Amino acid sequence: MSTGLKSVASPATGSMFDVRFTMEEMGLEDNVAVEEEEVKGQVVLPNKSIRRNKEDILYHLGLSNTSGLQEMFGDVKFVCMGGSALRAHRLAEKLQEALNIKYPPGAGIVPIGKTERFSLYKMGPVISVSHGMGMPSMSILLHEITKLLYHAKASNVVFVRVGTCGGVGCPPGTVILTTEGVNAKLQSVYKMVNLGKTRKFATNLDASLIEEGLAAAEQEPRIPCVSGRTYGADDFYEGQGRLDGALIDYTREERDTWMAQLKDANVRNIEMEAPCFAAFCNRAGIRAMICCAALLNRLLGDQVTATPEQMNQYTERALDLAIRVIQRRLASDAASSSSSSN
């Protein structure tokens, strides 16, 4: 029978001391280990039923904690996620160059795990992975990538969502750094219904990362960049007030009034993930930022009229800004490590 330590108070003095009990006496299942020691900065899981000594299958990634995750991912400091597999691959290419990562002859950038749902790449201390479109898909990726980092014993990890969006009063090509995600009611909360109960979670994002992103955007070549709130819609057409969907039950005037309300509420862009992403990271205790490039100004229309070359240029700006922040952070960490060792 497994045993564990439990702190109890002395009846005589009231001081605390440890006594060894069986798992049954401690009210724990026999096959559950005593609470694992948490190392400062390591990714931890609020769900304590997930243990490193029990197999945990990360189904949609095609990995498990028996796959040598610590050896593969223990050094990860950043997880960059974008909607499409192509964007994840493109970011991996740019990271390889920016971080000066060399491959043996004949080797190249290949995804890790299975790719039916998500495509995951690792470039040095950075993961580049796709999350699909919308909050339900992103939620799956967030759960499994966070469990992966927990099993890998990764520490001081930052999540970065990189993508495209519709600007609200922002010209095409502007990169928007999200201060907080808002829902369709312009509330800074993410609402989730589980077990029949509605729960609300905060959607603010790390202010220091936003400041660092704004500073990085001023480097040459300068990237047009602003910060503001982000409306995360539940779908692409009606939820975003578009006039070009197959179904519609509002007028152009109603849509224009609503778009003006967004702008007045300091909403600078529209996409489909921000509230879920921000709420998850807050709950998991993971620092995070969102940088998305506007493909159009939604105050002027719904159709993306930019050329393929322009759209590629806009998308690259968001990727480049994320990489600048990563480089600045890695350089700062290296300098701190060097000074502390001297």
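Reading the values: rules and limits
Residue indices follow the written sequence of each chain, beginning from 1 at its first position. Confidence filtering applies because this is a predicted model: local features only for residues at pLDDT of at least 70, side-chain atom pairs given and counted only at 80 or more, and all residues used for totals across whole chains, interfaces and linings. Only heavy atoms go into the side-chain values, all of them from the structure, while hydrogens and water stay out. In the cavity and pocket records, a cavity denotes points on a 1 Å grid over the protein atoms alone where a 1.4 Å probe fits but cannot get out, a pocket denotes an open set with protein on both sides within 12 Å along at least 5 of 7 lines, and lining residues are residues with an atom within 4 Å of a point. Grid points are joined across faces, edges and corners, and a volume is the space filled by probe spheres set on the points. Runs of H or I in DSSP of at least four residues are treated as helices and runs of E of at least two as strands, each being numbered from the N terminus. Working rule for helices: expected span equals 1.5 Å times residues minus one. Type-normalised accessible area, obtained with a 1.4 Å probe on protein chains alone, sets the label of each residue: buried when under 20%, exposed when over 50%, and partly exposed for intermediate values.

> What am I meant to see in empty space enclosed by the protein here?
Here the idea is plain: a probe the size of a water molecule rolls over the atoms and shows the empty space left. Using the criterion set out here, one finds three cavities of 30 Å³ or more in the structure. The calculated volume of the second largest cavity comes to roughly 70 Å³. Taken together, Ser139, His143, Tyr190, Met192, Phe201, Cys276, Ala279, Phe280 and Arg283 form the lining of the second largest cavity. Elements with a contribution of two residues or more to the lining of the second largest cavity: α3 (135-152), β10 (189-194) and α6 (274-284). Among the elements that take part in the lining of the second largest cavity, α6 stands out by supplying four residues, more than any other.

> Honestly, helix α2 (residues 85-98) in this entry has me stumped. Any pointers?
Quick reminder: α-helices carry 3.6 residues per turn. Residues three or four places apart thus point the same way. The end-to-end C-alpha distance of α2 is 20 Å, a good match for the 20 Å that 14 residues give at a rise of 1.5 Å each. Among the residues of α2, those classed as buried are Arg87, Ala88, Leu91, Ala92, Lys94 and Leu95. Two residues or fewer past α2, Asn100 is found with a positive phi of approximately 55 degrees.

> Explanation requested: unusual backbone geometry in the structure shown.
A negative phi angle characterises most non-glycine residues, just as the trans form characterises most peptide bonds. In this model, Glu220 is joined to Pro221 through a cis peptide bond whose omega is -5 degrees. If you trace the backbone, Pro221 turns up in the loop between α4 (207-217) and β12 (225-232). With a phi close to 60 degrees, Lys153 is a non-glycine residue in the positive phi region. Mapped onto the fold, Lys153 is located in the loop between α3 and β8 (158-167). Despite not being glycine, Asn156 has its phi angle at roughly 55 degrees, a positive value. Position of Asn156 among the secondary structure elements: in the loop between α3 and β8.

That's the geometry; what it means functionally is another story.
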